[in-house]
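Observations on chain architecture
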Amino acid sequence: MKLLEAISSLAGKYFAFWVIGVAVVAYFVPEPFLFLNSYITILLGVVMFGMGLTLKPVDFKLVISKPLPVIIGVFAQFLIMPLIALAIAFALNLSNELAAGLVLLGSVPGGTASNVMVYLARGNLALSVAMTSFSTLLAPIATPLILLALAGQWLPVDPISMFISIVQVIIIPITLGIIIRKILPTVVDKSSSAIPLISVIAIIVIVSAVVSANVESIAASGPLIFSAVMIHNLLGLLLGYVVALLMKLDESKRRAISIEVGMQNSGLGVALAAAHFGPLAALPSVIAAVWHNISGPILATFWSKKPVDSEEDIPINPIEPVIKNAGE
C-alpha cells in the first residue's frame, strides 16, 4: 500500500509533465493511440466516479450554511469564462470548431485539481470543494444552455443530447461513487491512495487519444490555440479574484474563487467536444489539461508565501486535498 501511495503521489505531483510527455509521444507517433478515442467518455466517467468516492456530506454543507460566496463564485465561473472565450474566439478569428471548443472549455464546471491548488495557495478549501461540487451538479443544465447561446453561431448545439451526455458521464458516476462511499466507507478509505493515480492515468489516456487524432490540426493551429487557452485561463484567474474583491470577501475566499473560476474540468471539455462537435473542437480542452497544471502550481506557490487575512476553513491536515483527484 505504501508503494501505491508513493506512485500515486508522484503521478499527481508531476501530472503536467506526464501529460506533456504523453502528448509529445502521441503527436509524433499517433497510430498506437488512435483506438483510445472510443474510450474517452468511459475514462472520464472513471475520473468522475473517483471524485464521487472522495465526496462527503460536509463538502456540501457550505452551500447551505454560507451560500453567498459559493453562489458568487459559481455565477462568476459560468458567466466570466464563457464570455472571455467568446471574446478571444472573435479577437483571434478562430475557426468554427476551435471557437466552439474554446467556448465549451469556458462553459464546463470547475476541475478537481483546483482543490489541491487552493489548498497550496492557502485559500479557503471548503469554499473550493463546495464550488467544484455545486458547479458540477449544475453542469447538465448550465453547460448546454451556455453553449446554445454562445457557440450555436459556429456549430449546431443539441442541448438535450448534451444534457444526457453530462448526466451519463458526470452525475451518474459521481452518484455511484457517493453511494459506494456511504455503503463501504472503510474499503473506500483504505483504497483512497489509488484514486488520484487512476484519475491521472485516465486523463493522460484521454489527452493521448485526442492529440493522436489531431496531429495535422495541432501542426496548423497549435500556437494560436495555445495562446487562446493561456489568455483564457489567466484572465479567468484575474477576474475571479477581482469579482471576489469587489464583493468584499476575505483574502482566502478571493484566492479560492480565483482558482476555481480560472481552472475548468478539461476532461469533460474533451469528452463533450469529441462527442458533439468533432475532434478539432477538443483541442482547447486538451491544451488546458496541460496549461492549467502549469499555471495553477505557479500561482499557488506565489500565494503560499503571502499572508491571508482569514484562514477560516483552511485544513490543518494536508492529506485531505491530496486525496482529491490530481487530474481534471
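Rules used in this analysis
- Residues numbered from 1 in each chain as written.
- Predicted model: local features only at pLDDT ≥ 70, side-chain atom pairs only at ≥ 80, totals over all residues.
- Heavy atoms only, no water.
- UniProt positions renumbered as here; feature names shortened; annotations may be inferred.
- Helix = DSSP H or I, 4+ residues; strand = E, 2+ residues; numbered from the N terminus.
- Buried < 20%, exposed > 50% of the residue type's maximum accessible area, 1.4 Å probe, protein only.
- Contact = heavy atoms within 4.5 Å.
- Salt bridge = Lys/Arg side-chain N within 4 Å of Asp/Glu carboxyl O.
- Phe/Tyr/Trp six-rings, centres within 6.5 Å; stacked < 30°, edge-to-face > 60°.
- Axes fitted to C-alpha atoms, helices over the stretch in contact; angles between N-to-C directions.
- Parallel < 35°, antiparallel > 145°, perpendicular 65-115°, else oblique.
- Nonpolar A, V, L, I, M, F, W, Y, C, P; charged D, E, K, R; others polar.
- Patch = residues over 30% accessible without salt bridge, like charges linked within 9 Å, V, L, I, M, F, W, Y side chains within 5 Å.
- Areas by Shrake-Rupley, 256 points an atom, 1.4 Å probe, with all protein chains shown as cover.
- Left-handed = near helix turned anticlockwise from the far one by under 90°.
- Polar contact = N/O pair within 3.5 Å; in protein donor to acceptor, adjacent residues only side chain to side chain.

Per an unreviewed UniProt entry, the protein is named Bile acid:sodium symporter family protein, and its organism is Halobacillus shinanisalinarum. In its Subcellular location (unreviewed entry) section, the UniProt record describing the protein reads: "Membrane".

1. Concerning the overall build of the protein
Counting secondary structure elements, the protein contains 16 helices and 0 strands. Within the protein, the fraction of its 328 residues that count as buried is 56%. Long-range contacts, defined here as pairs at least 24 residues apart, represent 87% of the contacts in the protein between residues at least 6 apart.

2. Observations regarding the pattern of salt bridges
One pass over the structure, following the stated rule, counts 3 salt bridges. Note that Arg254 is salt-bridged to Glu251, the shortest N-O span being 3.2 Å. In this pair, Arg254 and Glu251 are both assigned in helix H13 (residues 251–262), 3 residues apart and thus about one turn of the helix distant.

3. Quick word on the packing of aromatic side chains
The description of an aromatic ring pair rests on the distance of the ring centres and on the angle between the ring planes. Counted under the stated rule, the structure contains 5 aromatic pairs. With a centroid separation of 6.4 Å and 75 degrees between ring planes, the pair formed by Phe35 and Tyr39 is classed as edge-to-face. Among the residues examined, Tyr39 registers a relative accessible area of 41% and is labelled partly exposed.

4. Points about the packing of helix H7 (residues 113–120) against helix H15 (residues 283–304)
In contact at an axis separation of 8 Å, H7 and H15 are set at 20 degrees when each is read in the N-to-C sense. As summarised for this structure, H7 and H15 are arranged roughly parallel, according to the angle between their axes. The segment H7 lies against H15, with Ala113, Met117 and Leu120 engaging Asn293, Gly296, Pro297, Ala300 and Ser304. Grouping the constituent residues of the contact of H7 with H15 by class yields 5 nonpolar, 3 polar and no charged.

5. Let's talk about a nonpolar patch on the surface
Side chains of Ile172, Leu176, Ile179, Ile180, Ile183, Leu184 and Val187 sit close together on the surface and give an oily, nonpolar patch of about 610 Å² of accessible area. Counting residues per element, the nonpolar patch draws most heavily on helix H9 (residues 159–183), which supplies 5 residues. With respect to the helices, strands and loops of the structure, Ile180 is situated in helix H9. You can call Ile180 partly exposed: its relative accessible area is 32%.

6. Some details on the environment of Ala99
Turning to its location among the elements, Ala99 is positioned in helix H6 (residues 96–107). Residues Ala99 and Ala228, spaced 129 residues apart in sequence, show a C-alpha to C-alpha distance of 9.7 Å. Residues contacting Ala99, with those up to four places away along its chain left out, are Ala89, Leu94 and Trp154.

7. Examining the packing of H6 against helix H8 (residues 125–150)
Their axes nearest at 9 Å, the elements H6 and H8 cross at an angle of 145 degrees. Every pair of crossing elements has a handedness; the one defined by H6 and H8 is right-handed. Contacts between H6 and H8 pair Ala100, Val103, Leu104 and Ser107 from the former with Thr143, Ile146, Leu147 and Leu150 from the latter. Across the contact of H6 with H8, the residue classes tally to 6 nonpolar, 2 polar and no charged.

8. With respect to the environment of Ala100
Looking at the element boundaries, Ala100 is found in helix H6. A C-alpha to C-alpha distance of 6.9 Å links Ala100 and Leu155, two positions 55 residues apart in sequence. Excluding residues that lie within four positions of it along the chain, Ala100 makes contacts with Leu147, Ala151, Trp154, Leu155 and Phe277.

9. Some details on the side chain of Gln264
Topologically, Gln264 is positioned in the loop between H13 and helix H14 (266–276). With relative accessibility at 0%, the residue Gln264 sits in the buried group. Within the structure, Gln264 has its side chain in polar contact with the backbone oxygen of Val261 (distance 2.6 Å).

10. Regarding the environment of Val25
One can find Val25 in helix H2 (residues 15–28). In this structure, the C-alpha to C-alpha distance between Val25 and Ser212, residues 187 residues apart in sequence, is 8.8 Å. Setting aside residues no more than four positions away along its own chain, Val25 makes contact with Pro30 and Phe33.

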